[in-house]
Amino acid sequence: AGAAPTVVADPGTAAATVVTAAGATLAPVDGAALLQQAVAATGGGYHFNQTATVDGVVALTIDGDRLPDGARLVVSNEAGLVYYVIKPEGTWLMPDNGEWELDDSEPPTVDSIAALSAPTSVAVASNDGTTVQLTVTVPFASLGITGEGDVPLQVSVVGGALNTITYSTTTPEGRTAAAT
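In what follows, the accompanying structure is described. (Residues numbered from 1 in each chain as written. Predicted model: local features only at pLDDT ≥ 70, side-chain atom pairs only at ≥ 80, totals over all residues. Heavy atoms only, no water.)

## A look at the side chain of Thr42
Alright, step 1. With respect to the secondary-structure elements, Thr42 resides in the loop between helix H1 (31-40) and strand E3 (46-54).
Alright, step 2. Residue classification places Thr42 among the buried positions, given a relative accessible area of 16%.
Alright, step 3. Residues in contact with Thr42, not counting those within four places in the same chain, are Ile113 and Leu162. (Helix = DSSP H or I, 4+ residues; strand = E, 2+ residues; numbered from the N terminus. Buried < 20%, exposed > 50% of the residue type's maximum accessible area, 1.4 Å probe, protein only. Contact = heavy atoms within 4.5 Å.)

This is the structure we're talking about:
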């Protein structure tokens, strides 16, 4: 077996070049362009799972489908499950073992991809020819986190498609981490 690929990254750019064990060089990747293409590809909808932790304890999990005109979600925490259907004409929710009801409050933030649409920076962390790991910096507010500043997201793009998004930061509520 040959040696693992070597990643050569210029810290001042959003591109990285991979030199394979056989010495062949993959073309540099424009991280910002790749990210925007991967985000655009989600426009028709996607399935997601998100787990949020605070101080190492799971605070919330969401399993859902983002659709072009809304979302279907199951949100769970220590209090139980709540099912949501979110459409432009309204939000309906159903507590576990309850009945569907129209909810007039603001819908929960369901588009975890939206934060990637306007990053403050994008850098290629690694590229093996199939999977590109990006570090994408976004404002706290774009993730629904209170406070000033930015948070780096670790984004995995596999074959041109978004695969995972993870981050960890400290908020007034404690050490927060999320994986989508």
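## Focus: the nonpolar core
Looking at soluble globular proteins, one finds that nonpolar side chains tend to be buried together.
Alright, step 1. Within the largest apolar cluster, 33 residues are counted, with the highest numbers of intra-cluster contacts made by Leu35, Leu116, Leu134, Val136, Leu153, Val155 and Leu162.
Alright, step 2. If you list the elements that add at least two residues to this core, you get H1, E3, strand E5 (70-77), strand E6 (80-87), strand E9 (121-127), strand E10 (131-139), strand E11 (150-158) and strand E12 (161-171).
Alright, step 3. When near neighbours in sequence (up to four residues on either side) are disregarded, Leu153 contacts Leu116, Leu134, Thr135, Val136, Val138, Leu143, Ile165, Thr166 and Tyr167. (Core = buried A, V, L, I, M, F, W, Y, C linked by side-chain atoms within 4.5 Å.)

## Quick look at the pairing of E10
Alright, step 1. Pairing between E9 and E10: 6 bridges, direction antiparallel. Residue pairing in the sheet places Ser126 in a bridge with Gln133 of E10.
Alright, step 2. Linkage of E9 to E10, two consecutive antiparallel strands, is achieved through a turn of 3 residues, within which Gly129 is found at a positive phi near 95 degrees.
Alright, step 3. Judged from the 9 bridges that link them, E10 and E11 form a sheet pairing that is antiparallel. (Pairing = 2+ DSSP bridges.)

## Things to note about the environment of Asp63
Alright, step 1. With respect to the element layout, Asp63 can be found in strand E4 (residues 57-67).
Alright, step 2. With sequence-adjacent residues up to four places away left out, Asp63 is seen in contact with His47, Phe48, Asn49, Arg72, Leu73 and Val74.
Alright, step 3. A polar atom in the side chain of Asp63 sits 2.5 Å from the side chain of Asn49. (Polar contact = N/O pair within 3.5 Å; in protein donor to acceptor, adjacent residues only side chain to side chain.)

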